[in-house]
Amino acid sequence: KSFEIENNTQKIDKFNFILIYGENIGLKETLKKNIVNFNKNAEIINIYQDDINRNKDIVVNEIKNVSLFSDEKLLIINQITESMLSELEGIFDADGKEKIKIILIADLLDKRSKLRATFEKKNNLAIIPCYNDNDIALKKLIQNELSEFKNVNTNIVNMILNYSNLNRKTILNNIEKTKSFYENKIISD
């Protein structure tokens, strides 16, 4: 579950392949950021679907490339689609000698998706769905993020929620603005 991983990224540390998919862009970005922070000693490499379309061997080359600066790699493949499954299947069954984690970020995947089904069936693969938040979850997010601030009340939480149109990404941006504006940690209407 996405909320479990959001609160405890260590739960997916044993997996070398993680698929994060869904319509909640803000949650996907939060999970991606948490995984990057958890693997802060790793070399981070971001690849996009377009890069793979131009060079089919880019993923394999990045896996085999040995870094001079770190022992571990975190390969993030953004905007992954169904068409990538055939290129990735050989990598899923690799022996794992390389210290590399591969994070795949996708939009909403249908229940009949072969990519989704592959991750759901294999025990060595992790899958994290990111569905849209409800207002209760977003209120809790706001309260947790602003827990160090004084005078955080229901009106302020609802104000941030209303200005954000129930969009987690917008809420997180508004919270960052609030944190930078109220450096003394005392909020007012």
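In short, a report on the structure. Keep in mind that what you see is a predicted model, and the values were worked out from it rather than measured. Position numbers for residues start from 1 in each chain and track the written sequence from start to end. Residues qualify for local features only when their pLDDT is at least 70, as the model is predicted, and side-chain atom pairs are given and counted only at 80 or more; totals for whole chains, interfaces and linings, by contrast, use all residues. Side-chain calculation: all heavy atoms of the structure are included, whereas hydrogens and water are not.

The packing of two helices is summarised by the inter-axis angle and the distance between the axes. To get an axis, a line is fitted to the C-alpha atoms, and for a helix only the part in contact is used. The angle between two axes follows their N-to-C directions and goes from 0 to 180 degrees. Every helix listed is a DSSP run of H or I at least four residues long, and every strand listed is a run of E at least two residues long, numbered separately from the N terminus. It is at 11 Å that the axes of helix H7 (residues 135-145) and helix H9 (residues 168-181) come closest, and there the two elements cross at 20 degrees. Overall, the two elements H7 and H9 adopt an arrangement that is roughly parallel. For the pair H7 and H9, the sense of crossing is right-handed. Contact with H7, carried on its side by Leu138, Leu141, Ile142 and Glu145, involves Arg168, Ile171, Leu172, Ile175 and Lys179 of H9 and no other residues of that element. Any residue that is not Ala, Val, Leu, Ile, Met, Phe, Trp, Tyr, Cys, Pro, Asp, Glu, Lys or Arg is counted as polar, Gly included; the first ten are nonpolar and the last four charged. Across the contact of H7 with H9, the residue classes break down as six nonpolar, no polar and three charged. Any angle from 65 to 115 degrees is called roughly perpendicular, while one under 35 is roughly parallel, one over 145 is roughly antiparallel, and all others are oblique. Left-handed describes a crossing whose near helix is turned anticlockwise from the far helix through less than a right angle; right-handed describes the clockwise counterpart. The contact rule is simple, with two residues in contact once any of their heavy atoms fall within 4.5 Å.

Right, let's talk about the packing of aromatic side chains for a bit. Centre distance within 6.5 Å is the pairing criterion for rings of Phe, Tyr and Trp, where only the six-membered ring of Trp is used; planes under 30 degrees apart are then read as stacked, over 60 as edge-to-face, and the remainder as tilted. A complete count under the given rule lists two aromatic pairs for this structure. Plain terms: the ring middles of Tyr21 and Tyr131 are 6.4 Å apart, the flat faces sit at 85 degrees to each other, and that makes the pair edge-to-face. Taken as a pair, Tyr21 in strand E1 (residues 17-22) and Tyr131 in the loop between strand E5 (125-130) and H7 lie far apart in primary sequence, 110 residues in all. Classification of Tyr131 by relative accessible area gives partly exposed; the value is 39%. Pairing Phe181 with Tyr182 gives two aromatic rings, centres 4.9 Å apart and planes at 90 degrees, and the pair type is edge-to-face. For every residue, the accessible area obtained with a 1.4 Å probe (protein chains only) is divided by the maximum for its type, and the residue is called buried under 20%, exposed over 50%, and partly exposed between those limits.

This is a description of form; function is not addressed.
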